[in-house]
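Residue strings, one per chain:
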Amino acid sequence: MMAEGTGFAIFPPYYFPDKRPYLEKYSVPIMAERVTLFCSKKYIEGLKHRTGRFKPVWPSDFGGAVIGINPGYLLLGEDFWKRHREGFYVIEEGINNQKNLLKLASGRMDCLVNSRMSVLWDIQQLKNASKLSVADIVQVHVLKEQHGYLAFSKNSLMRYPFREDFITQFNIEIKQLSDSGELQKLIDDFEKELLF
């Protein structure tokens, strides 16, 4: 819909203008997503034993790992993909976080990379459905941070003539929430509910 210009806005794309030329306008940054490496506890225990270190070092200790991602996940840097192309570790594209987390807990995958908040949300859903023990999953390392935005279709101005006014008002509200600390409090409170 965004590429066709029929969609008004989409949340939360990251800022990749070269990869998504159909997105013309972006709001002010809304929140930072932490791209995080999660691994099975069993895999991390094996790394500790093999390396003799209490805390494994990313990426050097992860040679041979099977690392899951979601389809089309764009937040990983060139170094990450280069190591994969060189065969240092294997990237396995799964259907979604929940399927990847179940593979992780069962030992069919060693690690998972995705937005920390998304993974925590899906861990909570699986835990509530008694499909996952949170003791099987370990947060290992934040690989990078990337801001999310509200982005607008390049071709939507004709269909949505109020777009520019909406963007202006939206940016004012987000800036006020951010400056007052209320936005971060909402994020922190939400994360506290999800932490395991």
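Definitions and limits used
- Residues numbered from 1 in each chain as written.
- Predicted model: local features only at pLDDT ≥ 70, side-chain atom pairs only at ≥ 80, totals over all residues.
- Heavy atoms only, no water.
- Phe/Tyr/Trp six-rings, centres within 6.5 Å; stacked < 30°, edge-to-face > 60°.
- Helix = DSSP H or I, 4+ residues; strand = E, 2+ residues; numbered from the N terminus.
- Buried < 20%, exposed > 50% of the residue type's maximum accessible area, 1.4 Å probe, protein only.
- Core = buried A, V, L, I, M, F, W, Y, C linked by side-chain atoms within 4.5 Å.
- Pairing = 2+ DSSP bridges.
- pLDDT = per-residue confidence, 0-100.
- Arc of directions from axis to C-beta.
- Contact = heavy atoms within 4.5 Å.
- Axes fitted to C-alpha atoms, helices over the stretch in contact; angles between N-to-C directions.
- Parallel < 35°, antiparallel > 145°, perpendicular 65-115°, else oblique.
- Nonpolar A, V, L, I, M, F, W, Y, C, P; charged D, E, K, R; others polar.

Chemist: Just to check I follow, could you spell out the packing of aromatic side chains for this structure?
Modeler: For any pair of aromatic rings, the description consists of the separation of the ring centres together with the inter-plane angle of the planes. The final tally for this structure, using the stated rule, is 18 aromatic pairs. Where Phe-152 meets Phe-166, the ring centres are 6.1 Å apart and the plane angle is 70°; that geometry is what we call edge-to-face. Within this pair, whereas Phe-152 is found in strand S8 (residues 151-153), its partner Phe-166 is found in helix H5 (residues 163-180), the two being separated by 14 residues in sequence. Overall, Phe-166 belongs to the partly exposed group, its relative accessible area being 33%.

Chemist: Sorry if this is basic, but what is going on with the nonpolar core here?
Modeler: In a soluble, globular protein the nonpolar side chains are often hidden away together inside. Membership of the largest hydrophobic core comes to 22 residues, with the highest contact counts inside it found for Phe-38, Leu-101, Leu-104, Val-119, Ile-123 and Ile-137. For this core, the elements supplying multiple residues, two or more each, are strand S3 (31-40), helix H3 (97-106), helix H4 (116-128), H5 and helix H6 (182-194). By size, the runner-up hydrophobic cluster in this structure holds 19 residues, among which are Ile-67, Leu-76, Ile-91 and Val-113.

Chemist: Teacher, can you tell me more about the sheet that holds strand S1 (residues 9-10) here?
Modeler: Through backbone hydrogen bonds, the strands of a sheet pair up, either in parallel or in antiparallel fashion. The three strands are arranged S1-S8-S2 in an open sheet whose pairing can be described as antiparallel. Each having just a single partner strand, S1 and strand S2 (23-26) make up the two edges of the open sheet. In terms of strand pairing, S1 meets S8 through two bridges, oriented antiparallel. By the bridge assignment, Ile-10 is partnered in S8 with Ala-151.

Chemist: Mind showing me how you'd approach the confidence of the model for the protein here?
Modeler: Close inspection of predicted coordinates is inappropriate for parts of the model with low pLDDT. Per-residue pLDDT for the protein averages 89, and the proportion of residues at 70 or more is 97%. Looking over the protein, one finds the lowest element-wise mean pLDDT in H6, namely 86, and the highest in H5, namely 96.

Chemist: Teacher, can you tell me more about helix H1 (residues 41-51) here?
Modeler: Along an α-helix, residues three or four positions apart point the same way, because every turn accommodates 3.6 residues. If you check which residues of H1 are buried, you get Tyr-43, Ile-44 and Leu-47. Taken end-on, H1 shows its buried residues confined to a sector of 95°, consistent with a single buried face. Across from the buried face of H1, at angles greater than 90 degrees, the exposed residues are Lys-42 and His-49. Taken together, the buried residues of H1 touch S3, strand S6 (111-115) and strand S7 (137-148). Just past H1, the residue Gly-52 takes up positive phi, approximately 75°.

Chemist: Just to check I follow, could you spell out the packing of H3 against H4 for this structure?
Modeler: Helix-helix packing is characterised by the crossing angle of the two axes and by the distance between the axes. Contact geometry for H3 and H4: axes closest at 9 Å, N-to-C directions at 70°. Taken together, the axis directions place H3 and H4 in an arrangement best described as roughly perpendicular. The segment H3 lies against H4, with Asn-97, Gln-98, Leu-101 and Leu-102 engaging Ser-118, Val-119, Asp-122, Ile-123, Gln-125 and Leu-126. Of the residues in the contact of H3 with H4, the class split is five nonpolar, four polar and one charged.

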